[in-house]
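Chain by chain, the residues run as shown.
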Amino acid sequence: MCLSDPVLSAYGVASSIPAPINRMMARFAGSFRSGVDINLGVGYVNEETIPRDLIQSALTQVLADPEKYKVALNYGGPKGSPNLIQSLRDFHITRKIGGLTEDVLNRKEMIIGPSGATSSLEGIAHTLNRGIVITDDPKYFIYTHLLERLGFELLSVPQDCDGIQPELLKQKIAALGERQQEISFVYIVTINNPTGAILTNERRREIVRIISDVCRKQNRRIPIIFDKAYELLIHHPAVPAPESALLYDELNIVYEVGSLSKIVAPALRIGYLIGPPGDFINALVQKTSDVGFSAPLITQEIASYFLDHHIQAQLQKVNQGYRAKAAAISRYIDTELRPLGVSYCGGQAAFYYYLTLPEGIHTHEDSPFHRFLNRNTGDKQIDFLNGVEKGPMVSYIPGSFCVHAQGDLVELGKRQFRISYSFESLEKIEEALGYFRQAILFSQQATCGGAMNLLWSNEKID
Ligand SMILES: Cc1ncc(COP(=O)(O)O)c(C=O)c1O
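Since this is a predicted model, take the numbers as computed values, not measurements. (Residues numbered from 1 in each chain as written. Predicted model: local features only at pLDDT ≥ 70, side-chain atom pairs only at ≥ 80, totals over all residues. Heavy atoms only, no water.)

1. Notes on the sheet that holds strand 10 (residues 343-346)
At step 1: Strand order across the open sheet formed by four strands is 10-11-16-15, with antiparallel pairing between neighbours. The sheet terminates laterally at strand 10 and strand 15 (397-398), the two strands that pair on one side only.
At step 2: Here strand 10 pairs with strand 11 (residues 352-356) via four bridges, running antiparallel. Bridge pairing in strand 11 links Cys345 to Tyr354.
At step 3: Across the face of the sheet, helix 12 (residues 311-337) comes into contact with strand 10 and strand 11 while running at roughly 10 degrees to strand 11. (Pairing = 2+ DSSP bridges. Helix = DSSP H or I, 4+ residues; strand = E, 2+ residues; numbered from the N terminus. Contact = heavy atoms within 4.5 Å. Axes fitted to C-alpha atoms, helices over the stretch in contact; angles between N-to-C directions.)

2. A word on the side chain of Gln159
At step 1: Structurally, Gln159 can be placed in strand 4 (residues 153-160).
At step 2: Once you skip the residues sitting within four places of it in the chain, Gln159 turns out to touch Asp136, Asp137, Pro138, Ile164, Gln165, Asn192, Thr195 and Ala197.

3. What about the site of the ligand?
At step 1: The ligand sits among 13 residues. The nearest are Thr118, Asp227, Tyr230, Ser259 and Ser261.
At step 2: Within the side chain of Asn193, an N or O atom sits 2.9 Å from an oxygen atom of the ligand.
At step 3: Tyr230 places a side-chain nitrogen or oxygen 2.6 Å from an oxygen atom of the ligand.
At step 4: Calculation on the ligand without its partners gives an accessible area of 400 Å², and the protein chains cover 92% of this total.
At step 5: The greatest single-element share of the shell around the ligand, amounting to three residues, is contributed by helix 6 (residues 116-127). (Near = heavy atom within 4 Å. Polar contact = N/O pair within 3.5 Å; in protein donor to acceptor, adjacent residues only side chain to side chain. Areas by Shrake-Rupley, 256 points an atom, 1.4 Å probe, with all protein chains shown as cover.)

4. Some thoughts on the packing of helix 6 against helix 10 (residues 279-290)
At step 1: At a closest axis distance of 9 Å, the pairing of helix 6 and helix 10 adopts a crossing angle of 115 degrees. Here helix 6 is positioned roughly perpendicular relative to helix 10, judged by the angle of their axes. Classified by chirality, the crossing of helix 10 by helix 6 is right-handed. Here helix 6 contributes Ser120, Glu122, Gly123, Ile124, His126 and Thr127 to the contact with helix 10, which in turn contributes Phe280, Ala283, Leu284 and Lys287.
At step 2: Split into classes, the residues belonging to the contact of helix 6 with helix 10 amount to four nonpolar, four polar and two charged. (Parallel < 35°, antiparallel > 145°, perpendicular 65-115°, else oblique. Left-handed = near helix turned anticlockwise from the far one by under 90°. Nonpolar A, V, L, I, M, F, W, Y, C, P; charged D, E, K, R; others polar.)

5. Overview of the state of the cysteines
At step 1: Counted by the stated rule, this structure contains one disulfide.
At step 2: The partner cysteine of Cys161 in its disulfide is Cys345, sulfur to sulfur 1.8 Å. Between Cys161 and Cys345, the S-S dihedral sits near -120 degrees, and the bridge is therefore left-handed. Of the two residues, Cys161 is situated in the loop between strand 4 and strand 5 (163-164) and Cys345 in strand 10; the sequence distance between them amounts to 184 residues.
At step 3: With relative accessibility at 41%, the residue Cys161 sits in the partly exposed group.
At step 4: Relative accessible area serves as the criterion here: at 10%, Cys345 is assigned to the buried category.
At step 5: Unpaired in terms of disulfides, Cys402 finds its nearest cysteine sulfur in Cys345, a separation of 12 Å.
At step 6: A residue is classified by how much of its surface remains accessible, and Cys402, at 0% relative accessible area, is buried. (Disulfide = S-S within 2.5 Å. Buried < 20%, exposed > 50% of the residue type's maximum accessible area, 1.4 Å probe, protein only.)

Below, the structure written as structure tokens:
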């Protein structure tokens, strides 16, 4: 008997094909040789920053105190653990995160997502009406891919190293004309993934002002979602402390999504959302209930204990580690890559650099640059070590995966790429940066039509 496959929804059909970026990373991971290849593509947090011992002792403390942590191994509720919500509130207030005060937080709701910030973002996509989502370009490709699969249309606004550009935001909204009615929500990543750009406080205010004007004209609330997944990872001392847009949100349209993944451990799956009470938050709580309640109660209680006892030292440790790496990488890029015409954003917060190569040097999977770094050039001298084993391969995220395919940056994106300095050691990253330099020189030779071997007479590759 020949049975046909289950009938998929439009979302099911769109999701049955893995995203190109996932295919590329899966290919790299499938052949990854530990100690040889260098993975600058993944956004994994550095294992060294994950406080294993403290998490273990937090687990012990939680289980030893059933008075406070009542049913830690049972089902949780759809809003999240009251202990964790209290700890997060205290953390924000005592450390003045974003300048938030008790007074402001008293007027807002805080809810915990089922599985990290990712799940809160997914909940938003399921509870708001389909329409246009305004976002920055380059864009957070994981979430925007989901939005597109769900049938949202993206309106991408180019950013620079200070984040989304308010003037362009205004122009793009104006150009929508009547279709402004179709704007569903605004999604902005405050410390950008992929670019590492830090949205300035001035621009944050300007965004709220611009969208508030649109809301007033249409007599409706358009939510602005600020994704603050990396906001506790600003490690450059010269960057002013970010200011929460909840402080000046006159129309109750601002929602902030936070995460403990990058500063404590992704596996705890703790993400939270803060915003004005109302139907939207109520719908998100119901959505959390529908997918099996908020994050496992035990990890919420561990996170609560951790926040109450260890967060200060943890933040210092994590940020010091990333600062040291970023400073060394910036030095290398400035001295070795900038003279070749490379420019970049990032390195002041989180763990990404977003590099732009000179005209003509592309980063997509078929480019000489990519082939060099994947030892796929067809030239044995480049592809193999001692003529036998494949040379070290380096992964990165090509800009073409990061820019919006229907946006303004398609051409520029072709010669851009993201590297993550989180997962690999500084030693390995510096080795990889040397290969990037060689790959640029190789690409220049290849695109100038010169024989690839010419490279070897001019530039020694070691
Ligand atoms: C911009 C952005 N938002 C959200 C997330 C997801 O965070 P979580 O681990 O809390 O789901 C990430 C993870 O890389 C991210 O880069």
